[in-house]
Amino acid sequence: VDQEAAAVDEEVVEPEAATETTPPAESQETGEEAVFLRGSNEQFVQNMMNLIGTPYVWGGDDPTINGGVDCSGSILYALNQMGNGLPDQRAWQIYSNLTLPVDDGDIQAGYLRFLRNANGEINHVQVIVAEDGSRVNASGTDANTRDNPGIIELLSGPLPQNGEIRRLQFRE
């Protein structure tokens, strides 16, 4: 694995805890199909921006129920606010089930940035909210609970070179 591609940039990003349900990196890949989602890219970005300042709680996918959200939970919460009844998913499942590849260098608000650990497994996802690479980031670890939360924050651009950019597909 290319060390530069595997390294997480200046952001503090802790990997999702490994579980028996996390498949090896080679099985995390996807084809060229993704589900059509209700809503719009613009509303998705607004929903993500509304989460800034929300506590980071590992495994959380609804701030009112779980007291916060994690990286994948923030995306699912924002999408479900637009009428999508998506079940809880990890970052690699969002990559595989909900996104499509984009052309190199194509960066738009609403696109997702996936990061991989040293083993090549997807372990983090961010939402790009501006063409300069500004992004909503869930900053925390599996040690963050309702009583000890991290934070959902806005990181300014430019976008670091590592990571893979993909897009959601809305049914507009």
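Rules and cut-offs
Residues numbered from 1 in each chain as written. Predicted model: local features only at pLDDT ≥ 70, side-chain atom pairs only at ≥ 80, totals over all residues. Heavy atoms only, no water. Helix = DSSP H or I, 4+ residues; strand = E, 2+ residues; numbered from the N terminus. Contact = heavy atoms within 4.5 Å. Polar contact = N/O pair within 3.5 Å; in protein donor to acceptor, adjacent residues only side chain to side chain. Salt bridge = Lys/Arg side-chain N within 4 Å of Asp/Glu carboxyl O. Buried < 20%, exposed > 50% of the residue type's maximum accessible area, 1.4 Å probe, protein only.

This paragraph deals with the environment of T54. Tracing the chain through its elements places T54 in the loop between α2 (41-50) and β1 (55-56). Separated by 20 residues in the primary sequence, T54 and S74 place their C-alpha atoms 9.4 Å from one another. Setting aside chain neighbours within four positions, we find T54 in contact with P63, G68, V69, G150, I151 and I152. Within the structure, the side chain of T54 is placed 2.7 Å from the backbone oxygen of L51, a separation counted as a polar contact.

A separate point is the pattern of salt bridges. The tally for this structure, following the rule as stated, stands at 2 salt bridges. Here E164 ties to R166 by a salt bridge, and the two come within 3.6 Å at their closest N and O atoms. A relative accessible area of 3% places R166 in the buried class. Through salt bridges with shared partners, a single network forms among R116, E164 and R166.

Everything listed here is a matter of coordinates, which is why it stays silent on function.
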